[in-house]
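The lines below spell out each chain.
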Amino acid sequence: MNETHRGRLTREGIRIHEAADFAGMHRAGALAAQILDEIAEHVFVGQTTAAIDKLIEDRVNASGAKSATIGYKGYQHASCISVNHVVCHGIPGDKVLKDGDILNVDVTVIVDGWFGDTSRMYVAGKLSRKSERLIQVTHDALMKGIEAVRPGNTFGDIGHAIQSYVEAHRMSVVRDFCGHGLGRVFHSPPNVLHYGRAGSGPTLEEGMFFTIEPMVNLGRPETKVLADDWTAVTRDKSLSAQFEHSIGVTASGAEIFTLSPAGKFHPTWE
């Protein structure tokens, strides 16, 4: 069996990786997280999203890794940067950040053939109370989802944990986008829904690798994709936030591959 296709597939097409594969995912995830640590000081009022993306591309290149997004389905940037009511897949450009803007920065790198995929929230200037609450709930919802990961549980348990937490705070979970399997490929089964019924869906097994990346809106969950065919926004123009980790299922729970080396995963780390 060659290195690219080690492990086995479940009946749902989900790859079960070998123990040795965790090390490769940790290297890729650590680089993606390190890059997001390093750009934190470059998110400020007056900065452009294109400038942030250029910093990310430069750091990817300097590390000897590759960007997974440059050239992916025609996309030409090293990150997606989604500001305020942009839910995901925001294209970096000349947009200048204003005081109070919140933004998600999503980076995926390829290190020795392994994909590291993570995103987190940042704020330019002063964080408003409603934005702070949205970011906190979204962050905590991700961690609730990760807490539900253990062999024998189901993907529905992950979605239920996230949805129930978010809706208890009178916010909504986006249905139109989901997490995904990854490893030596960018996207693979399963689709990791951030809502659902406990006990439903495929059963979690040790060796599964996937992302959990809930998108949470202050308003309603509906989204629409703009004419550029990438940028997804909230239909009601309400603020949206997202956090993403790549994880692997272990015998007792989950390993997070994309932990922030400097503890900067949450934007209020200062």
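Please read these numbers as outputs of a predicted model, since none were measured by experiment.

Procedures and definitions
Residues numbered from 1 in each chain as written. Predicted model: local features only at pLDDT ≥ 70, side-chain atom pairs only at ≥ 80, totals over all residues. Heavy atoms only, no water. Axes fitted to C-alpha atoms, helices over the stretch in contact; angles between N-to-C directions. Helix = DSSP H or I, 4+ residues; strand = E, 2+ residues; numbered from the N terminus. Parallel < 35°, antiparallel > 145°, perpendicular 65-115°, else oblique. Left-handed = near helix turned anticlockwise from the far one by under 90°. Contact = heavy atoms within 4.5 Å. Nonpolar A, V, L, I, M, F, W, Y, C, P; charged D, E, K, R; others polar. Buried < 20%, exposed > 50% of the residue type's maximum accessible area, 1.4 Å probe, protein only. Polar contact = N/O pair within 3.5 Å; in protein donor to acceptor, adjacent residues only side chain to side chain.

A. Region of interest: the packing of helix 1 (residues 21-38) against helix 2 (residues 49-63). Contact geometry for helix 1 and helix 2: axes closest at 10 Å, N-to-C directions at 135°. With respect to their mutual orientation, helix 1 and helix 2 come out oblique. When you trace helix 1 past helix 2, the crossing you get is right-handed. In this structure, helix 1 contributes Leu31, Ile35 and Glu38 to the contact, and helix 2 contributes Ile56, Arg59, Val60 and Ser63. Broken down by class, the residue content of the contact of helix 1 with helix 2 amounts to four nonpolar, one polar and two charged.

B. Structural context of the side chain of Asp37. Position of Asp37 relative to the elements: it lies in helix 1. The exposure class assigned to Asp37 is buried, which follows from its relative accessible area of 4%. Side chain to side chain, Asp37 and Arg120 meet in a polar contact 2.7 Å long. Leave out the neighbours within four places in its chain, and Asp37 touches Arg120, Ser260, Pro261, Ala262 and Lys264.

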